[in-house]
Protein chains: 2
Amino acid sequence: MGEIRNKDGLTEEEFLKQYKPSKYERPSVTVDMLILCMSRYLDNLKVLLIQRKNHPYINCWALAGGFVGIHESTYDAACRELQEETGLVTNTYLEQLYTMSNPDRDPRMRVIDVAYITLMREQPVLAGDDAKKSLWFDISLHDDILELKNEEENINIKYCLHKKIFKNGVVDTTGYTQESITDEKLAFDHNEIILEGLLRLKNKILYSDIAFNLLPEEFTLPDVKRVYEVILGKELYKSNFNANIKSKLISTDCKITSMIKGGKKAAGYKYKGQ
Amino acid sequence: MGEIRNKDGLTEEEFLKQYKPSKYERPSVTVDMLILCMSRYLDNLKVLLIQRKNHPYINCWALAGGFVGIHESTYDAACRELQEETGLVTNTYLEQLYTMSNPDRDPRMRVIDVAYITLMREQPVLAGDDAKKSLWFDISLHDDILELKNEEENINIKYCLHKKIFKNGVVDTTGYTQESITDEKLAFDHNEIILEGLLRLKNKILYSDIAFNLLPEEFTLPDVKRVYEVILGKELYKSNFNANIKSKLISTDCKITSMIKGGKKAAGYKYKGQ
DNA sequence: ATAATAGTGTCTTTTAGACAGTATCTA
DNA sequence: TAGATACTGTCTAAAAGACACTATTAT
């Protein structure tokens, strides 16, 4: 891993040696976006990752992101990066997730990263050229294994999660330590961001309507139910779920085809809005 | 307001003119702590505020906080500042709340602020000298009025909250705009941090045990109930509440005096821990 | 002694959970 | 036509909500 060279012919070690951060002791600030959507047949969540082409973490997969301009808020920076990364950004949910601040999280220099979570409908990513390759990865999170998979390109990233309790004399914190168990890896602490985002989504789906950001304008009841099932990781009862969700919907009085594989035509609905 | 001078004899305008931020375009990063405790008789929440003695926001009240060192995480910085501000920090709950990043939030220079929420038992603040005066303020949040009050010093800070929906073509966000309706004011965007923290507390108390951080080691059932009532802003039914909370407690087999004014002796309990 | 609070018991309403049955659609 | 899915209805279990009552304690 340490022998891989970048386009300037430098190894990671050499790269780090020649890298000069500003003399003045202020951290750089970045934003990263955990961009999520549902797969075409609503089988699972997907995350957009970009392959790094330079040190550090060369060839590893990373969340979309970039530096925060000196005159823009992190929210504006996230919107801008989102636009640049995905092109279309209408009907996109964007929420601040967590600020990552471990001093060693970036070997080049001190970087504080404000992570955002983004929910959208699946859309084609900008064509991958040599400089930048971005792909949607299928997410699965079961039995403390986080797996990210792209079948077309046969890429598999897998993390094993261990619950751990931190005590530092002031506060006790429960978190996760993680280790990759495949060749392909995520860059920086982006594994933690993904995990944190999935937990946030799981919590928030129960007392908010953010799930509709993952669905098209018009959808069927089985479609919504499937989205909830994927995010919560368990099956729900049709009759109970429908009765509850209907108060948030308006019927379109059309029968449309469900997105689910093998699904039948079903009544079309739209989200009523809050 | 613009005429008040600092210890160097400068007005805000003069101060800002002579202030030189680093030439290099990186933001400074700070942490601020929303330090909360319950009042002695469990009547309301209190927040620790510190009066600023220099521009900007001279004489305004601010959350405890400070700059993040280049080699420490924001969490470590928060712990350090907490220690410096309050002395004792055992049994303190500390959780990241939100990152404030409006480019104009500090008129001196670009500052990104990572806000933390802290729950502790009431404790005497370090004696206020001329350079630094810190006080506990009683919090009340009713009918979209946020009021912070210190009766000994006769200080009253009051904010009127207006719900507002931001639309920027990418995402819709519902937030609060706020305006002070008293002479005393909060510094920077600390009003937003306080509001955000109170909402977080209200949400989280329902599915976690963080409320016990606001109580002493041993307490009575009416004490816990009162803490929940203050945070949720509504009365609870004694019998239902007690039945639910008891699974988290261990009886100490003592009768102790309740903290509540006019309260009777009642059975003592301790938090079982998770 | 009085008034207020601590603690217990009981009832109603609502929600969550579970399953069965019919109608309808896909293949 | 066969097999699956959409939709509705019914039933049970658990939780939330609401009072009433007795015992105890502060003043």
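Residues numbered from 1 in each chain as written. Chains lettered and ligands numbered in written order. Predicted model: local features only at pLDDT ≥ 70, side-chain atom pairs only at ≥ 80, totals over all residues. Heavy atoms only, no water.

An unreviewed UniProt entry annotates chain A as NUDIX domain-containing protein originating from Lachnospira intestinalis.

> Now, about the protein's contact with DNA strand C: what can you tell me, with residues and values included?
In the vicinity of DNA strand C there are 16 residues, among which Tyr237(A), Lys264(A), Ser239(B), Lys264(B) and Ala267(B) approach most closely. The sugar-phosphate backbone supplies 54% of the atoms of DNA strand C found within 4 Å of the protein. Take Lys246(B): an N or O atom from its side chain is 3.3 Å from a phosphate oxygen of DNA strand C. Residues belonging to the surface near DNA strand C are distributed by class as follows: four nonpolar, five polar and seven charged. (Near = heavy atom within 4 Å. Polar contact = N/O pair within 3.5 Å; in protein donor to acceptor, adjacent residues only side chain to side chain. Nonpolar A, V, L, I, M, F, W, Y, C, P; charged D, E, K, R; others polar.)

> Quick one: what's the story with the packing of helix α4 (residues 221-232) of chain A against helix α5 (residues 238-245) of chain A, residue by residue and with numbers?
Residue and element names in this part refer to chain A. Contact pair α4 / α5: the axes reach a minimum separation of 10 Å and the direction vectors enclose 100°. Considering the angle they form, α4 stands roughly perpendicular to α5. Between α4, through Leu221, Val224, Lys225 and Tyr228, and α5, the contact on the second element is made entirely by Lys238, Phe241, Asn242 and Ile245. Here the contact of α4 with α5 is built from residues that sort into five nonpolar, one polar and two charged. (Axes fitted to C-alpha atoms, helices over the stretch in contact; angles between N-to-C directions. Helix = DSSP H or I, 4+ residues; strand = E, 2+ residues; numbered from the N terminus. Parallel < 35°, antiparallel > 145°, perpendicular 65-115°, else oblique. Contact = heavy atoms within 4.5 Å.)

> So what's going on with the protein's contact with DNA strand D? Residues and values would help.
Near DNA strand D, the surroundings consist of 15 residues, among which Lys238(A), Ser239(A), Lys264(A), Ala267(A) and Lys264(B) are the closest. Atoms of DNA strand D within 4 Å of the protein: sugar and phosphate make up 55%, bases the balance. Residue Ser239(A) places a side-chain N or O atom 2.7 Å away from a base oxygen belonging to DNA strand D. For DNA strand D, a sugar or linking oxygen lies 3.0 Å from a polar atom in the side chain of Tyr237(B). Mapped by element, the contributors of at least two residues to the surface near DNA strand D are α5 and β12 (265-271) of chain A together with α5 (238-245) of chain B. Broken down by element, the surface near DNA strand D gets its largest block of residues, three residues, from β12(A). Residues of the surface near DNA strand D, tallied by class, amount to four nonpolar, four polar and seven charged.

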